[in-house]
Structure formats: structure tokens, C-alpha cells
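Per-entry structural report
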Amino acid sequence: QVQLQESGPGLVKPSQTLSLTCTVSGASLETNYYYWNWIRQAPGKGLEWLGASYYSGGVGVSPSLKTRISISRDTSKNQYTLQLNSVTPEDTAVYYCAGGPFWNYWGQGTQVTVSS
């Protein structure tokens with residue numbers, strides 16, 4: 001019943017900003033004790049947690065990427081967004097949204113390639 005869907009560009013140029021949106025259905029972003037995450041997997045690498053929008057309105061981000069990442073939400077649309085600034089080819093990955101009480105529910109993922 002809970003579904004998450006990533007959307008955004010599949011190709012971004014180096015030094016530019018990547019913006020992705022996750023649309024959630026079947027659960028509210030404001031559901032108590034639900035967390036709405038961004039996770040990515042680069043080729044040959046494991047899952048990397050990027051950040052999350054919390055049910056309370058708070059935000060958490062990965063310490064290693066905190067200078068480049070921002071996460072926001074639009075509760076009227078039940079969407080939350082990822083903004084990753086100053087991208088490089090190392091940011092090439094499949095980007096997922098995942099949420100629920102833990103990482104219960106996952107989107108299908110969206111491929112993002114950083115290339116000139």
C-alpha cells in the first residue's frame with residue numbers, strides 16, 4: 001500500500017546541482033515515528049545513507065556530505081526532496097527513497113549519471 005517514487009533528471013553536469021523528488025502514497029510524511037530517507041548506491045559500492053526527512057519536520061544528513069546536501073519536504077504534496085550541490089562523477093549512482101518506521105518501504109530507484 002505504501003509506495004515511493006523517485007523523480008528527477010537522469011543526467012547532471014559536473015559542478016551543477018542534483019534535485020530529486022520522492023512522492024509518497026499510502027502514508028503521510030507526518031505519520032508519527034516515520035522517517036523518509038534518501039539512499040544511494042554507486043557502481044560496485046554498497047548502500048550509502050544520504051539523509052532523511054523526519055515526521056516531526058526535522059532533517060538529518062550524512063556527516064560526510066553535509067556541506068553539499070539539503071533535504072526538504074512539502075507536506076501538501078506528500079513529497080520530499082534531495083538537493084545535492086557541486087556534483088562530481090563520483091556522485092553517479094542509483095538514488096533511492098526509502099521510508100517508514102525504518103527502511104520498510106522503498107522506491108524503485110532512479111539512475112543519476114554525472115557527466116559532461
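Just above sits the structure.
Residues numbered from 1 in each chain as written. Predicted model: local features only at pLDDT ≥ 70, side-chain atom pairs only at ≥ 80, totals over all residues. Heavy atoms only, no water.

This brings us to the sheet that holds strand S3 (residues 18–25). Strand pairs in the sheet, formed through backbone hydrogen bonds, run parallel or antiparallel to each other. Taken together, the 4 strands give an open sheet; going across it, the order is S1-S3-S8-S7, and neighbouring strands pair in antiparallel fashion. Strand pairing shows two members of the sheet lacking a second neighbour, strand S1 (3–7) and strand S7 (69–74), which therefore form its edges. Ignoring strand direction, the axes of neighbouring strands in this sheet form an average angle of 20°. Where S1 and S3 come together, 5 bridges link them in antiparallel fashion. Looking at S3, one finds that Glu-6 is bridged to Cys-22. (Pairing = 2+ DSSP bridges. Helix = DSSP H or I, 4+ residues; strand = E, 2+ residues; numbered from the N terminus. Axes fitted to C-alpha atoms, helices over the stretch in contact; angles between N-to-C directions.)

What follows covers the packing of aromatic side chains. If you walk through the whole model with that rule in mind, you get 8 aromatic pairs. Taken together through their ring pairs, the aromatic side chains of Tyr-33, Tyr-35, Tyr-54 and Tyr-55 make up a single cluster. (Phe/Tyr/Trp six-rings, centres within 6.5 Å; stacked < 30°, edge-to-face > 60°.)

Okay, the environment of Ile-71 next. Secondary-structure assignment places Ile-71 in strand S7. Apart from residues lying up to four places away in sequence, Ile-71 is in contact with Trp-38, Gly-51, Ala-52, Ser-53, Val-59, Gly-60, Val-61, Thr-81 and Leu-82. (Contact = heavy atoms within 4.5 Å.)

Let us look at the state of the cysteines. According to the stated counting rule, one finds 1 disulfide in the structure shown. Across the disulfide from Cys-22 sits Cys-97; the S-S distance is 2.2 Å. Given an S-S torsion of about 75°, the disulfide between Cys-22 and Cys-97 has right-handed geometry. Separated by 75 residues along the polypeptide, Cys-22 in strand S3 and Cys-97 in strand S9 (residues 93–100) bring together distant segments of the chain. (Disulfide = S-S within 2.5 Å.)

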